[in-house]
Amino acid sequence: NAKLTTVLILLVTVAEHLIIRGQIWYTSNLMSRNLLMCVMLVSFVWIAEAAARYEAAAKMEIQSSQQTKALLSNLLCGLCDAVVSLDESLNITEHAPKLGAMLLRSSAFGDPASGNGPSNFMTLVHPEDHGLLS
């Protein structure tokens with residue numbers, strides 16, 4: 001916890017200053033060094049906490065995105081005869097067994113890992129209809 005660490009470091013620094021300030025060997029250089037160490041430690045703790053919060057937020061966003069994708073996929077699979085996952089270049093990114101069955105092809109149709117079927121969806125579309133999808 002950055003707030004607690006900040007308070008504790010400041011208390012230790014002030015206590016150290018109060019305890020040894022009457023000593024001859026405790027010069028302004030030593031005091032400056034202690035204050036600099038205090039600032040550096042507090043800064044490090046705050047930066048580490050900010051990074052941890054950012055990482056946690058990113059993980060939660062990814063998890064939410066994956067849940068949303070799964071829900072949409074289930075909805076589309078229930079409403080449509082076949083669902084195909086495409087990237088921005090209209091390449092098939094996941095295997096599409098229902099589309100393969102509709103086209104009378106292998107059930108592993110469109111699986112990029114196995115190389116079954118075309119990798120680009122536009123090869124399945126009639127040339128006259130290419131303008132509708134571009």
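Let me begin by describing the structure that accompanies this report. In this text the structure is predicted, and so the values were computed from the model without any measurement.

The next thing to look at is the overall build of the chain. Scanning the chain from terminus to terminus reveals four helices and zero strands. Its helices and strands taken in sequence order, the chain reads α-α-α-α from the N to the C terminus. Counting across all 134 residues of the chain, residues that qualify as buried make up 16%. Of the roughly 10,200 Å² that the chain leaves accessible, carbon and sulfur atoms contribute 64%.

Attention now goes to unusual backbone geometry. The phi torsion at Leu90 lies on the positive side, around 65°, for a residue other than glycine. Overall, the relative accessible area of 23% leaves Leu90 in the partly exposed class.

Below, the discussion takes up the environment of Asn1. By the element assignment, Asn1 lies in the segment before helix 1 (2-20). Asn1 sits in the exposed class, given a relative accessible area of 64%. Linking Asn1 and Val45, residues 44 residues apart in sequence, is a C-alpha distance of 8.1 Å.

What counts as what
Residues numbered from 1 in each chain as written. Predicted model: local features only at pLDDT ≥ 70, side-chain atom pairs only at ≥ 80, totals over all residues. Heavy atoms only, no water. Helix = DSSP H or I, 4+ residues; strand = E, 2+ residues; numbered from the N terminus. Buried < 20%, exposed > 50% of the residue type's maximum accessible area, 1.4 Å probe, protein only. Areas by Shrake-Rupley, 256 points an atom, 1.4 Å probe, with all protein chains shown as cover.

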